[in-house]
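Given next are the chains, with one letter for each unit.
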Amino acid sequence: MGSGRHEGKMRVVMKIGEVAAELGVEAHVLRHWEDVGALTVRRDGNGYRIYDDSALEQAHTVLKLRRVGLSLPEVAAAMSPTKSAAQAVVKAKIAALENEVVHRQRAITFLQHTVECRHRYLDECPDCATFVRGA
């Protein structure tokens, strides 16, 4: 069918290769997303995947969620039709990312200190020792 537009309302219908190219992923990635329940794609009479507006939008959402750090199981849960289930997954991811930010900020503080430290060896510095014990 390829890229087709119906009269009146714009409706895009694409094949898997076209969607993969648009998203910048391989076709097998899209098939995998579908296999794990993160993406729903209808089939035509011959069993070929048909990406309409809804499936294309869903694929963009999956890609965005993957890029912000959600695993595929988290993406599948976040795409749940139950809003409370989706929110729980997203809230848990936010908490994990905030925790990661705290750990990375501590790492930056420690490394900045080591660059500026007047001691030749880190184990000679009481401040470095405090960072090490606190990590």
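For clarity, every value in this text was computed on a predicted model and none was experimentally measured.

Rules used throughout
- Residues numbered from 1 in each chain as written.
- Predicted model: local features only at pLDDT ≥ 70, side-chain atom pairs only at ≥ 80, totals over all residues.
- Heavy atoms only, no water.
- Buried < 20%, exposed > 50% of the residue type's maximum accessible area, 1.4 Å probe, protein only.
- Helix = DSSP H or I, 4+ residues; strand = E, 2+ residues; numbered from the N terminus.
- Arc of directions from axis to C-beta.
- Contact = heavy atoms within 4.5 Å.
- Salt bridge = Lys/Arg side-chain N within 4 Å of Asp/Glu carboxyl O.
- pLDDT = per-residue confidence, 0-100.
- Core = buried A, V, L, I, M, F, W, Y, C linked by side-chain atoms within 4.5 Å.

**Some words on helix H1 (residues 16–23)**
Move 1: Residues of H1 that are buried include every one of Ile 16, Val 19, Ala 20 and Leu 23, and no others. Down the axis of H1, the buried set is contained in an arc of 100°. They therefore lie on one face.
Move 2: Among the structural elements, helix H2 (27–35), strand S2 (49–50) and helix H3 (53–67) are those in contact with the buried residues of H1.
Move 3: Residue Gly 24 follows H1 closely and has a positive phi angle near 80°.

**Section: the side chain of Gln 58**
Move 1: Topologically, Gln 58 is positioned in helix H3.
Move 2: For Gln 58, a relative accessible area of 18% corresponds to the buried category.
Move 3: With residues up to four places along the chain from it excluded, the contact list for Gln 58 reads Ala 38, Leu 39, Thr 40 and Met 79.

**Remarks on the pattern of salt bridges**
Move 1: One pass over the structure, following the stated rule, counts five salt bridges.
Move 2: A salt bridge links Glu 34 to Arg 43; the shortest N-O distance between them is 3.6 Å.
Move 3: The buried category is assigned to Glu 34, whose relative accessible area is 16%.
Move 4: Glu 34 is the partner of Arg 49 in a salt bridge, and the nearest nitrogen-oxygen pair spans 2.5 Å. Pair noted here: Arg 49 is in strand S2 and Glu 34 is in helix H2, with a separation of 15 residues, a long-range link. For the pair formed by Arg 49 and Glu 34, the shared burial category is buried.
Move 5: Via salt bridges that share partners, Glu 34, Arg 43 and Arg 49 belong to a single interconnected network.

**Looking at the environment of His 28**
Move 1: Topologically, His 28 is positioned in helix H2.
Move 2: According to the relative accessible area criterion, His 28 is exposed, its value standing at 51%.
Move 3: Along the backbone, His 28 and Ile 16 are twelve residues apart, and their C-alpha atoms lie at a distance of 9.1 Å.

**Side note on the confidence of the model for the protein**
Move 1: When pLDDT is averaged along the protein, the result is 85; 86% of the residues meet or exceed 70.
Move 2: Taken together, the stretch residues 1–8 has pLDDT below 50 and engages in 17 contacts with residues farther than four places along the chain or on a different chain.

**Considerations on the nonpolar core**
Move 1: Judged by nonpolar contacts, the single largest core of 25 residues is most densely connected at Val 19, Leu 23, Leu 30, Trp 33, Ala 38, Leu 39 and Tyr 51.
Move 2: Counting residues per element, the ones that place at least two in this core are H1, H2, H3 and helix H4 (72–78).
Move 3: Considering each element in turn, this core owes the most residues, six residues, to H3.
Move 4: Beyond its immediate stretch of four places on either side in the chain, Ala 38 contacts Trp 33, Gln 58, Val 62, Leu 72, Val 75, Ala 76 and Met 79.

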